[in-house]
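# A look at the structure
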Amino acid sequence: MSDINLKKVGAAAEKRALPAAVWPLVALAVILIIDVIISPSFFSIRVVEGRLYGSLVDILYRGTPPALIAMGMAIVIGSRGIDLSVGSVVAMSGAVMAALIHGDLSPVIIVFGTLGMGLICGLWNGTLVAVLGIQPIIATLILMVSGRGIALMINGGRIPTFRSEFFEFVSTGSIWVIPTRLFLVAFVLLVLWLLLRKTAFGLFVESVGSNTQAARLSGIGTRVVTLSAYGIVGMCAALAGMVITGDTRSSDAVYAGVDSELDAILAVVLGGGSLNGGRIYLGTTLIGVLIIQALTTSILMSGLPPEYNKLVKAIVILVVLLLQAPKFRTAVTALFRTGKGKAKS
Amino acid sequence: MNKSHLLGAVTFGLGLLAAAGSASALTLGFSQVGSEGDWRPAFSADMKAEAKKRGIDLKFSDAQGKEENQLKAVRSFIAQGVDAIIIAPVVTTGWDAVLKEAKEAKIPVFLADRDVESDKDLYVTRISADFNLEGRLAGAWLAAAAKGKCNVVELQGTVGSAPAIERKKGFEAVIKEFPDIKIVKSQSGDFTTAGGKEVTESFIKATDGFKDVCAVYAHNDNMQLGAIQAMKEAGLKPGKDYLMVSVDGVPDMFKAIKAGDANASVELRSDIGKDIYNVVEAYLKGKHDFPKWVKIASDLHTADDVDAVMAKRGIK
Amino acid sequence: MNQANEPRISMRGITKVFPGVRALEDVSFTLAPGEIHALMGENGAGKSTLVKVLTGVYQPDAGTIELDGQPVEFASPVEAQAAGINTVYQEVNLVPTLSVAENLMIQRQASFRGLINWRRTRELARKALQRLNLDIDVGRSLGSYSLAIQQMVAIARALDRETKVLVLDEPTASLDAKEVEALFTVLRDIKKQGIAIVFITHFLDQVYAISDRVTVLRNGRFVGTGPIAEVPRMKLVTMMLGRQVSGQTSDHPPVDSIKTDGAPLFEAKDVGRSRYLNPIDFTLRTGEVVGLAGLLGSGRTETSKLVFGAVKADSGQIRLDGKPVTLRSPAHAIRCGLGFCPEDRKHEGLILDLTVRENIILALQSKRGWLHRVGEAEQNRLASEMIAALGIATPDAEKRVGQLSGGNQQKVILARWLVSEPRMLILDEPTRGIDIGAHAEIVALIRKLCREGLALLVASSELEEIVAFSHRVLVMRDRSKVKEIVGDDITQSAIVEAIANS
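What comes next is a walk through the structure. Note that this is a predicted model, so its numbers are computed, not measured.

## Examining the arrangement of the chains
For this structure, the chain pair with the highest number of contacts among 2 pairs of chains in contact is chains A and C. The two units chain B and chain C remain apart, with a minimum C-alpha distance of 31 Å.

## Brief notes about the nonpolar core
Residues Phe266, Phe308, Leu338 and Leu456 of chain C are the most contacted members of the largest nonpolar core, which totals 158 residues. Of all the elements, helix 12 (residues 222–248) of chain A adds the most residues to this core, at 12 residues. Setting aside chain neighbours within four positions, we find leucine 456 of chain C in contact with Leu284, Glu288, Val289, Val290, Leu425, Leu427, Ile446, Leu449 and Cys450 of chain C. Listed in part, the 37 residues of the second largest apolar core include Leu142, Tyr145, Ile190 and Phe199 of chain C.

## What about a positive patch on the surface?
Residues Arg223 of chain A together with Arg273, Lys312, Arg328 and Arg335 of chain C make up a contiguous surface patch of positive charge. Note on placement: lysine 312 of chain C falls in the loop between helix 9 (300–308) and strand 16 (315–320).

## Looking at the sheet that holds strand 3 (residues 84–87) of chain B
Residue and element names in this part refer to chain B. Taken in spatial order, the 6 strands line up as 2-1-3-4-5-11 in an open sheet, and their pairing is parallel. Looking at strand neighbours, the two that pair on one side only are strand 2 (57–62) and strand 11 (293–296), the edges of this open sheet. Sheet twist, expressed as the mean angle between neighbouring strand axes with direction ignored, is 20°. Relative to strand 2, strand 1 (residues 27–32) is paired through 6 bridges, and the arrangement is parallel.

## Focus: the interface of chain A and chain B
Counting residues at the interface gives 33 residues for chain A and 29 residues for chain B. With both chains or domains summed, chain A and chain B bury close to 2,400 Å², and 48% of this area falls on carbon and sulfur atoms. Looking at the side of chain A facing chain B, the largest losses of area belong to Tyr53, Leu300 and Pro306 of chain A, adding up to 25% of the total buried there. For the pair chain A and chain B, the interface holds 5 salt bridges. On inspection of chain A and its partner chain B, the count reaches 9 residue pairs in polar contact (both at pLDDT 80 or more). Going through the elements one at a time, strand 1 (46–48), strand 2 (51–53), helix 3 (55–62), helix 12 and helix 14 (282–302) of chain A are the ones with two or more residues in the side of chain A that touches chain B. By residue number, the principal contributor to the side of chain A that touches chain B is helix 14 of chain A, which donates 6 residues.

## Examining the state of the cysteines
In total, this model carries 1 disulfide over all chains according to the counting rule given. Covalent S-S linkage joins cysteine 150 of chain B and cysteine 214 of chain B, the inter-sulfur distance amounting to 1.8 Å. Residues cysteine 150 of chain B and cysteine 214 of chain B are joined by a disulfide whose S-S torsion is about -115°; by sign, that bridge is left-handed. Here cysteine 150 of chain B is found in strand 6 (residues 149–156), whereas its partner cysteine 214 of chain B is found in the loop between helix 8 (193–206) and strand 8 (215–218), with 64 residues between them in sequence. The pair formed by cysteine 150 of chain B and cysteine 214 of chain B is uniform in burial state, with each residue classed as buried. Counting only cysteine sulfurs, cysteine 236 of chain A is the nearest neighbor of cysteine 121 of chain A, a cysteine outside any disulfide, at a range of 13 Å. Judged by its relative accessible area of 4%, cysteine 121 of chain A falls in the buried class. Of all cysteine sulfurs, the one in cysteine 341 of chain C lies closest to cysteine 336 of chain C, which takes part in no disulfide; the gap is 18 Å.

## Considering the sheet that holds strand 21 (residues 472–477) of chain C
Residues and elements named next belong to chain C. In space, the 6 strands of this open sheet follow the order 18-19-20-15-21-22, with mixed pairing throughout. A strand with exactly one partner marks an edge of an open sheet, and here the two such strands are strand 18 (338–341) and strand 22 (480–486). The mean angle between the axes of side-by-side strands here comes to 15°, regardless of whether they run parallel or antiparallel. Bridge count for strand 21 against strand 22 is 6 bridges, and the pairing is antiparallel. Its bridge partner lying in strand 22, arginine 472 is registered against valine 486. Lying over the sheet, helix 14 (residues 406–419) contacts strand 18 and strand 19 (424–428), oriented at roughly 175° with respect to strand 18.

## Topic: the pattern of salt bridges
In total, this model carries 63 salt bridges over all chains according to the counting rule given. Between glutamate 206 of chain A and arginine 279 of chain A there is a salt bridge whose closest N-O contact spans 2.7 Å. Pair noted here: glutamate 206 of chain A is in helix 10 (residues 201–210) and arginine 279 of chain A is in the loop between helix 13 (260–270) and helix 14, with a separation of 73 residues, a long-range link. Assessed through its relative accessible area of 0%, glutamate 206 of chain A is described here as buried. As a salt-bridge pair, arginine 477 of chain C and aspartate 478 of chain C come within 3.7 Å of each other at their nearest N and O atoms. What makes aspartate 478 of chain C exposed here is its relative accessible area of 53%. Linked through salt bridges whose partners overlap, the residues forming this network are Arg51, Arg62, Arg163, Glu168, Arg181, Asp247 and Arg249 of chain A together with Lys197, Glu201 and Glu233 of chain B.

## Details of the interface of chain A and chain C
Each partner contributes residues to the interface: chain A has 23 residues there, and chain C has 29 residues. When the two sides are added together, the surface that chain A and chain C hide from each other amounts to roughly 2,000 Å², 60% of it contributed by carbon and sulfur. Here chain A is connected to chain C by 2 salt bridges. With its nearest N and O atoms 2.5 Å apart, the salt bridge here joins glutamate 358 of chain C to arginine 279 of chain A.

Conventions and cut-offs
- Residues numbered from 1 in each chain as written.
- Chains lettered and ligands numbered in written order.
- Predicted model: local features only at pLDDT ≥ 70, side-chain atom pairs only at ≥ 80, totals over all residues.
- Heavy atoms only, no water.
- Contact = heavy atoms within 4.5 Å.
- Core = buried A, V, L, I, M, F, W, Y, C linked by side-chain atoms within 4.5 Å.
- Buried < 20%, exposed > 50% of the residue type's maximum accessible area, 1.4 Å probe, protein only.
- Helix = DSSP H or I, 4+ residues; strand = E, 2+ residues; numbered from the N terminus.
- Patch = residues over 30% accessible without salt bridge, like charges linked within 9 Å, V, L, I, M, F, W, Y side chains within 5 Å.
- Areas by Shrake-Rupley, 256 points an atom, 1.4 Å probe, with all protein chains shown as cover.
- Salt bridge = Lys/Arg side-chain N within 4 Å of Asp/Glu carboxyl O.
- Lys, Arg positive; Asp, Glu negative; His and termini not counted.
- Charge placed at Lys NZ, Arg CZ, Asp CG, Glu CD.
- Pairing = 2+ DSSP bridges.
- Axes fitted to C-alpha atoms, helices over the stretch in contact; angles between N-to-C directions.
- Buried area = accessible area lost by both parts, 1.4 Å probe.
- Polar contact = N/O pair within 3.5 Å; in protein donor to acceptor, adjacent residues only side chain to side chain.
- Disulfide = S-S within 2.5 Å.

Okay, here's the thing in structure tokens:
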């Protein structure tokens, strides 16, 4: 008897411990199911103008810039940091890209220039955090505020528009029928995964994030690791800037990537990352991005008056986060049980 | 030199130099908000150019978006004893004290563009465009172009902002006269190209490829430009199969109209210097019966006059 | 002790268990009114836990507490305070940016219809400080005063409530001699008012200067208690550090493992850092174990950290194999073949979020650099080898290290350094907070490693351990080396003597 009970308890514990990705996936599935109820053709996918077409494709497509930023953010958060400046980095790198396109340079140089802008921003943040020891929130707040001003200066106070075959291909084009930008996400995911799991970089970032002092005493160059993490998120934001700027063929210093830092942080948290540093979850972070984007797309499709956009989004996110919190789940289960008990008696 | 005037003297040093040249002419102070976006620098430039044309000595001050800069500038105008002061306010509140000072100094004050919340007796009049009128113009054009029958999708501006509210109200006021014109989808694209594009993409899906949709009305041109991109990427033909009307009249929109991707844009004119100076000069010559809001007429441009407009504005 | 006086506090059979650690086991403690009672013991002896049980921060798993003869149970510090038990912690937990008056009167400001009457509040604050003969401007911010004054303000704040027992946790740690004297004057004064004072410190001189009685804890157990006049220094040190001093040579490690030819592996000459450690000399040969003995705060940990480069030395020279080197950082020291198991496992040793495997390969990995990742297969092999060799009790290598017990965590850190194949290993308190069984295993391991040709520098507060594994002992006191004992002269009594009288 007691043996059986023990086994049951063990199985339950295992079940609870096993898939960290379960709750985000459930949330995503629920949102998609509601979408089908709202719009029966939600899952239909066709090829239009040589590109996949449909709401599901839209979610992936619109989710690209936040996905790029969130993957970088996952690494910085893993190092017990945070980067509030990613939205401004999007604007700055977009401005650099527009300026270089107007300078009639070759796409390769423009790509390097744009990524270089992101890297410089990242290293600036990293220096403030790792070398000068400024708290990450404050350190990156500096660039968050000043970055858009810099972008505005590069743009000359206007919203420059441009045409560029290469960058329109990267942002809005497609390879066979699949949008090019999805390949970009897959490529960045692959590169970051290799970096994190096939070199020791991931172990080092997680060690620094989990316990900086112990990591240092184990011989890890904690400053270099932190610096690199910020450099990576900077480049991720620059790539997102490239996609966003190429999408509208214009560099909007004031609005490009606005609020993207919040979405990225949220995606990391939805994916199970802890703001106290430690484990980096790239895969579930991407699921987090999809939840947020599916939600945004659903709200746009639903015909809800725009006044309610933010409120609905906040409520759904709150529910998902509560579902993820073990304390909340236990409380709900307990409530359910007592309810049942009462019903029986 | 009095210390309290030092700052004003530095800021307006150039203006004073100019004033020495034409001492007998009209002297006006103009406190501008700043130089954000495309529209405002163009507005500033027009004010300066028009002043030069009329031989007005314009003391121009850029408040860089800060209320305190603006208050300093206005006080320095008062100290210099200009003939009239024009203010494009940064914020709507906190004006009572400085406006009273101007009144005591018997210097008339005119508001340009935005409104202020203060005693209506403290300024002569507000001279600006009318967002509601812009919405009505767009609605009227659409009603005529669609011959009174159309399903419209609307791209709203930032939720709660004055232009978004008034352009929606004005548009709805006109189309409600036509029972067969309806707004079938309406969402906010936050006045940005990216926002307009994303919202339009979802509208296209939600209406099964814009089935039964005949027009897109956007609260500004930037969102409409995004809508045009989204529609083209979905294989639709904006400007041909769908009527496209929006507000602002930015250069890229005129280019789109010329290319046949859009049909009409209500211009938020930046060359309103002459409208403002006309009112100011008339007042100073003794005409005192102005309404509290002098509305500047807006123009709607279509493919018919787009070449002329572009030539006039120097858009290539 | 006055027999007529009933004890103010009487704690009996107190046991407190944390996951993996028995912090207190069957500890008794009595406190008389109007006495200053020193509570002594090394780190991890259980002083803080005992105080936290007394002040309601922790609830005991077994045992009883009586206050003035009445049994009490405190569910929270607030309840203990209400009963008249107040605590002043080592780090003054006041707000430095607020004024002295505000700090003193927080939540008790004189108010009139919901508004604070500042004049009256300042007056009350001044009165509270006058009890301690302290006359300062209560309107100035607390942070603008010295630590000693801040400490006094904290005490004044504690005394301003109705106080029967005052607990002072290391109040003198950051004070200079004059400030300590001023504090003691205040304490003697308070004592006269019949308040019982628990005084936690690791400074022997201060214990003898002010206490009436002393109680010693060791490894969570009660060692002894008595009037201070009846406990000479030698006995007190012995109570804290070792078992009964036998004065005999216990079984010493064989010396034949020591490589005597050529230059020593490690040589420190005048290595020190101002305000951290006075210059120290010692040598360490391959196959040799050098023990670092001394009381808490004597410079054991400081020596370990300087040698490893975790804290940079600002004087002296280090030679490795006879060649001078400057150890710039732990990473550099590791590349030179050193390894370091810190005393504070949780904060300086383990990466709690990572698995046992990842923790084990961490130092090896940082030695190789981030590009040369230790392969999956090699990681698994090293981890399972170490789990077997050190007997780490874990279901598998993928368990999070935070879920292991203290002894097993210590073995994981040891494993981390062993796989990095160091030539010299620094162990700071390797047996801290682990149970007796694991103790013996770790001592045996140290002897084995030494036989296998590793040089070891081991700091420990356990004298019998030091005697059991050391070929040479450096006795530390007041951040200096006061004596070096070699070979057969190493006995517990010799070490205690060096600590107590120098």
